[in-house]
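Report on the structure
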Amino acid sequence: MPPETVEVRRSTRRRRTVSAYRDGDKTIVLLPAGLSLTDEEQWVRRMLDRLAAKEQRRKPSDDDLLDRATDLATRYLDGKAFPTSVRWVENQRHRWGSCTPDHGTIRLSTRLRGMPAWVVDYVIMHELVHLLVPSHGPRFWELVERYPRAERARGFLEGFSMGVNGSVEEC
């Protein structure tokens, strides 16, 4: 992988704050004009680390997903639904997630990557509950609703689906 391209922009109007953002394959770091070169190097390193950590939180690995699922099962399902794997998949175009209860596997659409963590956690929770209850009956929804942001996450996904596809997708 080629080294990261960093563009430093100094501003006389900027007095104390430092910020950074990605612009395509380039990172822009905004600094006060009076900052020393030593301080600039430290701030650029710090801001690159912060952006990388933020991106990791927004695009978790399969191992991270399994850890999150285990945590959600412990907190909201009394430790009764532990998957054997949770992974991203590219081939889900019409649903956010799916599971195979017989194998304990959960798959999440890569379209969820970059969405807020609480939305991804809702989809994981939905699929965890399917490990216990296969249908979408009252018991299923009772367990899903243990996740505090369930209704909000459903609304987020419905709004996203309507905006992109003109229709609501399922988990």
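These lines cover the structure that appears in this document, whether it is placed above or below. Just so you know, these numbers come straight off a predicted model, no measurement behind them.

Before going further, it helps to examine the overall build of the chain. Across its full length, the chain carries five helices and six strands. In the chain, the order of α-helices and β-strands from amino to carboxyl end is β-β-β-α-α-β-β-β-α-α-α. Expected size for 171 residues packed as a compact globule is a radius of gyration near 16 Å; at 21 Å, the chain overshoots this value by more than 25%. On the principal axes, the C-alpha backbone points of the chain span a range of 65 × 35 × 30 Å. Looking at the chain alone, contacts between residues at least 24 apart form 44% of all its contacts between residues at least 6 apart. Carbon together with sulfur atoms contributes 50% to the accessible area of the chain, which is approximately 10,400 Å² in total. Within the chain, one finds 29 positive and 25 negative side-chain charges whose respective centroids are separated by 6 Å.

The next subject is the sheet that holds strand 4 (residues 85–89). Here three strands make up an open sheet; going across it, the order is 4-6-5 and the pairing mixed. Of all the strands in the sheet, just strand 4 and strand 5 (97–100) have a single pairing partner and so form its edges. This sheet shows a mean twist of 20° between the axes of neighbouring strands, independent of strand direction. Across four bridges, the pairing between strand 5 and strand 6 (residues 105–109) is antiparallel. The residue bridging Thr 100 from the neighbouring strand is Thr 105, located in strand 6. Each of strand 4 and strand 6 touches helix 2 (residues 62–76); the most contacted strand, strand 4, lies at about 135° to it.

Another aspect to go through is the side chain of Thr 27. Counting through the fold element by element, Thr 27 comes out in strand 3 (residues 26–32). Each residue touching Thr 27, except ones within four places of it in the same chain, is listed here: Glu 4, Thr 5, Val 6, Glu 7, Tyr 21, Arg 22, Leu 48 and Leu 51.

Let's shift gears to the environment of Glu 40. Mapped onto the secondary structure, Glu 40 falls in helix 1 (residues 37–58). The class for Glu 40 is buried, based on a relative accessible area of 16%. Setting aside its immediate chain neighbours within four residues, Glu 40 contacts Val 8, Arg 10, Leu 31 and Leu 35.

To continue, consider the environment of Leu 51. Mapping Leu 51 onto the fold places it in helix 1. When the C-alpha positions of Leu 51 and Ala 20 are compared, they lie 7.7 Å apart, and in sequence the two are 31 residues distant. With near-sequence residues (within four places) excluded, Leu 51 lies in contact with Ala 20, Tyr 21, Arg 22 and Thr 27.

Time to look at the pattern of salt bridges. If the charged atoms of two oppositely charged side chains come close together, the side chains can form a pair. One pass over the full model with this rule turns up eight salt bridges. Between Arg 9 and Glu 7 there is a salt bridge; the shortest N-O distance is 2.6 Å. A salt bridge links Lys 26 to Glu 7; the nearest nitrogen and oxygen atoms lie 3.0 Å apart. On the criterion of sequence distance, the pair formed by Lys 26 in strand 3 and Glu 7 in strand 1 (residues 5–11) is long-range, its members being 19 residues apart. Residue class for Glu 7 comes out partly exposed when judged on its relative accessible area of 26%.

Basis of the calculations
- Residues numbered from 1 in each chain as written.
- Predicted model: local features only at pLDDT ≥ 70, side-chain atom pairs only at ≥ 80, totals over all residues.
- Heavy atoms only, no water.
- Helix = DSSP H or I, 4+ residues; strand = E, 2+ residues; numbered from the N terminus.
- Rg over C-alpha atoms; globule rule 2.2 N^0.38 Å.
- Contact = heavy atoms within 4.5 Å.
- Areas by Shrake-Rupley, 256 points an atom, 1.4 Å probe, with all protein chains shown as cover.
- Lys, Arg positive; Asp, Glu negative; His and termini not counted.
- Charge placed at Lys NZ, Arg CZ, Asp CG, Glu CD.
- Pairing = 2+ DSSP bridges.
- Axes fitted to C-alpha atoms, helices over the stretch in contact; angles between N-to-C directions.
- Buried < 20%, exposed > 50% of the residue type's maximum accessible area, 1.4 Å probe, protein only.
- Salt bridge = Lys/Arg side-chain N within 4 Å of Asp/Glu carboxyl O.

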